[in-house]
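Analysis of the macromolecular model
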Amino acid sequence: MKIKVTTKILDANDRIAEENKKIFKNAGIFVINLMSSPGAGKTSLLERTIQTIKDKVKVGVIEGDITGTTDAERIERLGVPVVQINTEGACHLDANMIAEAAKDLPLNDLDILFIENVGNLVCPAEFKVGEDLKVMILSLTEGDDKPMKYPLMFQESSVLILNKIDLKDYLDVDIEKIKKDSLNLNPKLKIFEVSCKTGQGINEWTEWLLTNISWKKP
Ligand code: MG
Ligand code: ZN
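Below you will find a few notes about this structure. All figures in this text were calculated on a predicted structure; none of them were measured in a lab.

1. A few points about the pairing of strand β6 (residues 159-163)
By the criterion of burial, β6 is predominantly enclosed, with five of the five residues buried. Of the two faces of β6, the one holding Val 159, Ile 161 and Asn 163 and the one holding Leu 160 and Leu 162 are both buried throughout. Relative to β6, strand β5 (residues 133-139) is paired through five bridges, and the arrangement is parallel. Note on β6: the bridge partner recorded for Met 136 is Leu 160. One crossover worth recording links β6 to the parallel strand β7 (residues 190-193) by way of helix α7 (residues 175-185), and it is right-handed.

2. Some words on the packing of aromatic side chains
Under the criterion given, the structure shown has three aromatic pairs. On the basis of an interplanar angle of 65° and a centroid distance of 5.9 Å, the ring pair of Phe 192 and Trp 205 is categorised as edge-to-face. You can see Phe 192 sitting in strand β7 and its partner Trp 205 sitting in helix α8 (residues 202-212), a full 13 residues away along the chain. Each of the two residues, Phe 192 as well as Trp 205, counts as buried. An aromatic cluster of three or more residues is present, and its members are Phe 192, Trp 205 and Trp 208.

3. Topic: the environment of Thr 141
You can see Thr 141 is positioned in the loop between β5 and α5 (146-149). Between the C-alpha atom of Thr 141 and that of Val 173, which follows or precedes it by 32 residues, the distance is 7.8 Å. There is a polar contact of 2.5 Å between the side chain of Thr 141 and the side chain of Ser 139.

4. Topic: the coordination of the zinc ion (ligand 2)
Metal coordination angles in their ideal form are 109.5 degrees for the four-donor tetrahedron and 90 or 180 degrees for the six-donor octahedron. Those protein atoms acting as donors to the zinc ion (ligand 2) are Cys 91 (SG), His 92 (ND1) and Cys 123 (SG), and they sit at 2.0 to 2.2 Å. Here the donor residues of the zinc ion (ligand 2) share one chain and are spaced in sequence as C-H-x30-C. Here His 92 is found in the loop between β3 (82-86) and α4 (95-102), whereas its partner Cys 123 is found in the loop between β4 (112-116) and β5, with 31 residues between them in sequence. Cys 123 shares its class with His 92; the two are buried.

Rules used in this analysis
Residues numbered from 1 in each chain as written. Chains lettered and ligands numbered in written order. Predicted model: local features only at pLDDT ≥ 70, side-chain atom pairs only at ≥ 80, totals over all residues. Heavy atoms only, no water. Buried < 20%, exposed > 50% of the residue type's maximum accessible area, 1.4 Å probe, protein only. Helix = DSSP H or I, 4+ residues; strand = E, 2+ residues; numbered from the N terminus. Pairing = 2+ DSSP bridges. Right-handed = clockwise from strand over helix to strand, strands pointing away. Phe/Tyr/Trp six-rings, centres within 6.5 Å; stacked < 30°, edge-to-face > 60°. Polar contact = N/O pair within 3.5 Å; in protein donor to acceptor, adjacent residues only side chain to side chain. Donors = N, O, S within 2.8 Å, 3.2 Å for Na, K, Ca; no water.

Put into structure tokens, the structure is as follows:
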């Protein structure tokens, strides 16, 4: 019985996600769902990414957090439109929350919309929100066992950003194992090693992003 209910929730969510997708497509926007555990560097990656690409493309952001506006304030300082969702306890964003938040964004003026999901390696991978691309961040400080422990996130994502690469000499973490296990789960996964602190790898990531995604204004 319980499994049936969960399936229904996901079915309903998928339908709303499809509607979101149509709205975004009609506005000519490419949408990226950014996921990771808390503290891996989603907002820091957004800051670096937006600073690097904002002269070339028009970016908007939806921030998802259980409470507070700290991350939205960080994004607002970069001069791009941002909406904060407070899930008030929910550990992931769903399509309905995105449908509501999108109403407060100037969709026709945007090329790329980043959605920063709630920090969590589990259920954000299960809930579509109407995105074109799922990107996950794994910080080296989280250890090299995460692909085997949270396989769905690695299977669902198209891009894996390995953040805090500047710390690699201080950590007992096997980067090659992370890459090998991730690619075993998802052979098409594109992997970038970056440091949001030093800026290492950010250009490779943003260049890949701008050449591999597309948006078309009506
Ligand atoms: Mg954040
Ligand atoms: Zn959740």
